[in-house]
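What the coordinates show
Listed below are the residues making up each chain.
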Amino acid sequence: VGGGMGRTHNKESTFARVNEMIGYVPKEDITEALKAILATQRDHGNRQVRANARLKYLVHTLGIDNFRTLVEKYFGKSFQAA
C-alpha cells in the first residue's frame, strides 16, 4: 500500500513513493481488508491539503508498522506475514 509516482510540480511536500507490503489475507477476507484500508484513509488522511490527500502520504507519516496496526483495528484481524 501507499505507493505512487505522482507529485505536484514545484511542491516539495509532494513526492513519489514505492509501495510497501502490509501482509497477506485469504481471498475470502479481501473485501473487508480493502474496506479497512479505505476507512483508515477516510478517518486519518490529510483533508486540509488536497495535494497530500493520498494514501502514500498517510503511510509515510505514520510509518508502515503503525499504519498496519491501525488498519488491523478496523479489519478486526491481523494480517498474515507475506
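As the structure is a prediction and not an experimental result, all values here were calculated from the model. (Residues numbered from 1 in each chain as written. Predicted model: local features only at pLDDT ≥ 70, side-chain atom pairs only at ≥ 80, totals over all residues. Heavy atoms only, no water.)

Quick look at the packing of helix α2 (residues 55–62) against helix α3 (residues 64–75) now. In the contact formed by α2 and α3, the axes pass within 6 Å of each other and the chain directions differ by 110°. Considering the angle they form, α2 stands roughly perpendicular to α3. Judged by residue contacts, Leu55, Leu58, Val59 and Leu62 of α2 engage Ile64, Asn66, Phe67 and Leu70 from α3. Its residues placed into classes, the contact of α2 with α3 shows seven nonpolar, one polar and no charged. (Axes fitted to C-alpha atoms, helices over the stretch in contact; angles between N-to-C directions. Helix = DSSP H or I, 4+ residues; strand = E, 2+ residues; numbered from the N terminus. Parallel < 35°, antiparallel > 145°, perpendicular 65-115°, else oblique. Contact = heavy atoms within 4.5 Å. Nonpolar A, V, L, I, M, F, W, Y, C, P; charged D, E, K, R; others polar.)

All right, on to the pattern of salt bridges then. One pass over the structure, following the stated rule, counts five salt bridges. As a salt-bridge pair, arginine 17 and glutamate 20 come within 2.5 Å of each other at their nearest N and O atoms. Exposure remark for arginine 17: the relative accessible area of 12% places this residue in the buried category. For glutamate 20, a relative accessible area of 30% gives the class partly exposed. Residues aspartate 29 and lysine 77 are paired through a salt bridge, measuring 3.1 Å at the closest nitrogen-oxygen approach. Placement of aspartate 29 in the segment before α1 (30–44) and of lysine 77 in the segment after α3 is noted, with a sequence separation of 48 residues between them. For lysine 77, a relative accessible area of 40% corresponds to the partly exposed category. (Salt bridge = Lys/Arg side-chain N within 4 Å of Asp/Glu carboxyl O. Buried < 20%, exposed > 50% of the residue type's maximum accessible area, 1.4 Å probe, protein only.)

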